[in-house]
Amino acid sequence: MPLPTSPTLDETLAFVTRAHAGQVDKAGEPYVGHLVRVRERTCAWLERCPWLVPEGEREAVLHAALLHDVVEDTQTTQDDLRAMGYPEAVVARVVALTRKDGGAYGDKIRALAESEDVGAILIKLADNEDNSDPARVARLPVPAPERAARYRRSMEILRTALARASLLPSVPADRVIDALGAAPGGEIASGKFLSPESSSALAANAFGPFLADPARLPQLPNVPECAGAGSVALEAVVRFPWAGGRHPCLDVLVETETALLGIESKRYEPYRAKSAPDLSDAYDRPVWGERMGRYEAMRDDLRAGAAGFRRLDAAQLVKHAFGLRSAVHREAHEGKTPLLVYLYAEPVSWPDGAAVPREAIDEHRAEIARFADRVTGDEVRFAALSYADLLACWGASEDARLREHAGALAARFGLAP
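First, a word on scope: everything that follows refers to the structure included in this document. This is a predicted model, so every value here is computed, not measured.

**Digging into the overall build of the protein chain**
Stage number 1. The helix and strand tally for the protein chain stands at 18 helices and 5 strands.
Stage number 2. Expressed as lengths along the three principal axes of its C-alpha atoms, the size of the protein chain is roughly 80 × 55 × 40 Å.
Stage number 3. Within the protein chain, buried positions represent 49% of all 417 residues.
Stage number 4. Across the protein chain, every contact between residues at least 6 apart in sequence was considered, and the portion connecting residues at least 24 apart equals 69%.
Stage number 5. Split by element, the accessible area of the protein chain, about 19,300 Å² in all, is 51% carbon and sulfur.
Stage number 6. In the protein chain, 50 side chains carry a positive charge and 61 a negative one; their mean positions are 3 Å apart.

See below:
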């Protein structure tokens, strides 16, 4: 007998509707509604993060999303699914998502995260998102805070696994995940790292290969102080000369024998609307020394609304400069030259395909030049370069691994050298 053809998504929906007939969720609603929402959420993840699953494998993931509870909650077996014509890529994911042995939920989630089956991880994350959706939780007859906490921890584990899968092969995943997990921004646990607009993901992938081997980091274009790196760190906090409050967190911190370089990476941020600058009275403290007067004047103008920056987050750069100045006057970095590097992308379009206006890019460039002109001469030197210039430099390197990394970075993030 010929093997049956693989069912269509409509046929899979019809099958799970029959298989789960009569079953309701904890809110008393037909269970198939949950399965449809999980498929929709999984589809949204696939569209949002297309780098996670190759295009040819996505339909199998959507079948598994609809089928993810059919072996666990009905009489259907995995052999039944095979007999119906489902390929192993679907059946294996359903089995991976099935919990019938009574094992601990957390253990199942950790095993799934470690499986590196990105499709199954996406489905389980979508399942958790639906189960913890506030609108759905509000319809439950009895609040279950312990269940909410369980889903929250599960989603953190699953997002961490997806963040790991988002890193380029040349990046030491454990080092990056540990660095971002310890940082105050919550990029991993919140899922922000998985955004197609994530600046943190771009910086982590760009500089991740140098965490374990900082000596391989070449001189940045027009930044000779970067040569001879002794250490490279991601999401590095540089502290002000006081204990409380928030302290600057730089995307990358590079230390050489003579210099301390803080790199602030931007991707889409300059082309979004800006909120008013936040510079509290704490920055008025007389702790910055005699060679930071230009940054202090910038601080005052920003607070008064007289600086005129629409694209450049000048307030953030001022805070970073104050943090770097503080760092080089402490024992760990004492005597080193502080340098603030502004590294920016110039995307042609937003992730949804809408064009980034050329006038916005030109305005951003003009504001960078104006900021640089105003702070030139202060203790913290300011330098700016585009990712296009950085990739052109790396792409012309004699280091084959660096050239390969530059190409992969450009392809993954849509950057043209």
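**Overview of the packing of helix H1 (residues 9–19) against helix H3 (residues 58–67)**
Stage number 1. Put simply, H1 and H3 touch, their axes get as near as 9 Å, and they point 10 degrees apart. Regarding the angle of H1 to H3, the classification is roughly parallel. Counting all contacts with H1, which are made through Leu9, Thr12, Leu13, Phe15 and Val16, the residues of H3 involved are Glu59, Leu62, His63, Leu66 and Leu67.
Stage number 2. When its residues are assigned to classes, the contact of H1 with H3 shows 7 nonpolar, 2 polar and 1 charged.

**With respect to the sheet that holds strand S5 (residues 381–386)**
The strands that make up a sheet are held in pairs by hydrogen bonds between backbone atoms, and each pair lies either parallel or antiparallel.
Stage number 1. Across the sheet, which stays open at both edges, the 5 strands sit in the order S1-S2-S3-S4-S5 with mixed pairing between neighbours. The open sheet has two edge strands with one neighbour each: strand S1 (231–237) and S5. Each neighbouring strand pair of the sheet contributes to a mean axis angle of 25 degrees, computed without reference to strand direction.
Stage number 2. Sheet analysis places strand S4 (residues 337–344) next to S5, joined by 6 bridges and oriented parallel. Its bridge partner being in S5, tyrosine 344 is matched across the sheet by serine 386.
Stage number 3. Sitting on the sheet, helix H17 (residues 387–395) is in contact with strand S3 (259–266), S4 and S5, with an inclination near 75 degrees to S5.

**Focus on helix H2 (residues 32–48)**
Stage number 1. Between the first and last C-alpha of H2 there are 24 Å, a value that for 17 residues agrees with the 24 Å anticipated at 1.5 Å per step.
Stage number 2. What H2 keeps buried is the set Val32, His34, Leu35, Val36, Val38, Arg39, Thr42, Trp45 and Leu46.
Stage number 3. Each element contacted by the buried residues of H2 is listed here: H1, H3, helix H8 (118–131) and helix H9 (134–137).

**Observations regarding the packing of aromatic side chains**
Stage number 1. For the structure shown, the criterion picks out 15 aromatic pairs.
Stage number 2. For the pair tyrosine 283 and phenylalanine 322, a centre-to-centre distance of 6.5 Å together with 25 degrees between the ring planes defines the contact as stacked. Of the two residues, tyrosine 283 is situated in the loop between S3 and helix H14 (293–304) and phenylalanine 322 in helix H15 (residues 314–327); the sequence distance between them amounts to 39 residues. Like phenylalanine 322, tyrosine 283 is buried.
Stage number 3. A cation sits over an aromatic face here: arginine 48 above tryptophan 45, 4.1 Å from the ring centre.
Stage number 4. A cation over a ring is seen here: arginine 285 above tryptophan 242, with NZ or CZ 4.2 Å from the ring centre.

**With respect to unusual backbone geometry**
Stage number 1. You will see that glutamate 116, though not glycine, has its phi angle at about 65 degrees, which is positive.
Stage number 2. A residue is classified by how much of its surface remains accessible, and glutamate 116, at 65% relative accessible area, is exposed.
Stage number 3. A positive phi is found at glutamate 235, a non-glycine position, where the angle reads about 50 degrees.
Stage number 4. Topologically, glutamate 235 is positioned in strand S1.
Stage number 5. The buried category is assigned to glutamate 235, whose relative accessible area is 13%.

**Brief notes about H15**
One full turn of an α-helix is made of 3.6 residues, so residues set three or four places apart face in the same direction.
Stage number 1. Here H15 contains 14 residues, and its C-alpha end-to-end distance of 20 Å stays within 8% of the 20 Å for a straight helix at 1.5 Å per residue.
Stage number 2. Of all 14 residues that make up H15, 13 are buried, and the element is covered over most of its length.

**As for the packing of H2 against H8**
Stage number 1. Close contact between H2 and H8 brings their axes to 8 Å; oriented N to C, the two are set at 125 degrees. On the basis of the axis angle, H2 is oblique to H8. Between H2 and H8 lies a crossing of right-handed hand. Contact residues: H2 offers His34, Arg37, Val38, Arg41, Thr42, Trp45 and Leu46, while H8 offers Leu122, Ile123, Leu125, Ala126, Asp127, Glu129, Asp130 and Asn131.
Stage number 2. Of the residues contributing to the contact of H2 with H8, the split by class is 7 nonpolar, 3 polar and 5 charged.

**Regarding the side chain of lysine 124**
Stage number 1. Along the polypeptide, lysine 124 turns up in helix H8.
Stage number 2. Classification of lysine 124 by relative accessible area gives buried; the value is 13%.
Stage number 3. Residues contacting lysine 124, with those up to four places away along its chain left out, are Leu97, Tyr105, Ile109, Leu112 and Leu158.

**Quick word on the nonpolar core**
Stage number 1. Grouped together as the largest cluster of nonpolar side chains are 46 residues, with contacts concentrated most on Phe207, Leu217, Val223, Val254, Tyr387 and Trp394.
Stage number 2. The dominant element in this core, judged by the number of residues it contributes, is helix H13 (residues 199–207), at 6 residues.
Stage number 3. Apart from the residues lying within four places of it in its own chain, the contact partners of valine 223 are Leu261, Leu339, Val341, Arg381, Ala383 and Leu385.
Stage number 4. Counting 45 residues, the second-largest nonpolar core is a separate cluster that includes Leu35, Leu52, Leu62 and Ile123.

Calculation criteria
Residues numbered from 1 in each chain as written. Predicted model: local features only at pLDDT ≥ 70, side-chain atom pairs only at ≥ 80, totals over all residues. Heavy atoms only, no water. Helix = DSSP H or I, 4+ residues; strand = E, 2+ residues; numbered from the N terminus. Buried < 20%, exposed > 50% of the residue type's maximum accessible area, 1.4 Å probe, protein only. Contact = heavy atoms within 4.5 Å. Areas by Shrake-Rupley, 256 points an atom, 1.4 Å probe, with all protein chains shown as cover. Lys, Arg positive; Asp, Glu negative; His and termini not counted. Charge placed at Lys NZ, Arg CZ, Asp CG, Glu CD. Axes fitted to C-alpha atoms, helices over the stretch in contact; angles between N-to-C directions. Parallel < 35°, antiparallel > 145°, perpendicular 65-115°, else oblique. Nonpolar A, V, L, I, M, F, W, Y, C, P; charged D, E, K, R; others polar. Pairing = 2+ DSSP bridges. Expected span 1.5 Å × (residues − 1). Phe/Tyr/Trp six-rings, centres within 6.5 Å; stacked < 30°, edge-to-face > 60°. Lys NZ or Arg CZ within 6 Å of the ring centre and 35° of its normal. Left-handed = near helix turned anticlockwise from the far one by under 90°. Core = buried A, V, L, I, M, F, W, Y, C linked by side-chain atoms within 4.5 Å.

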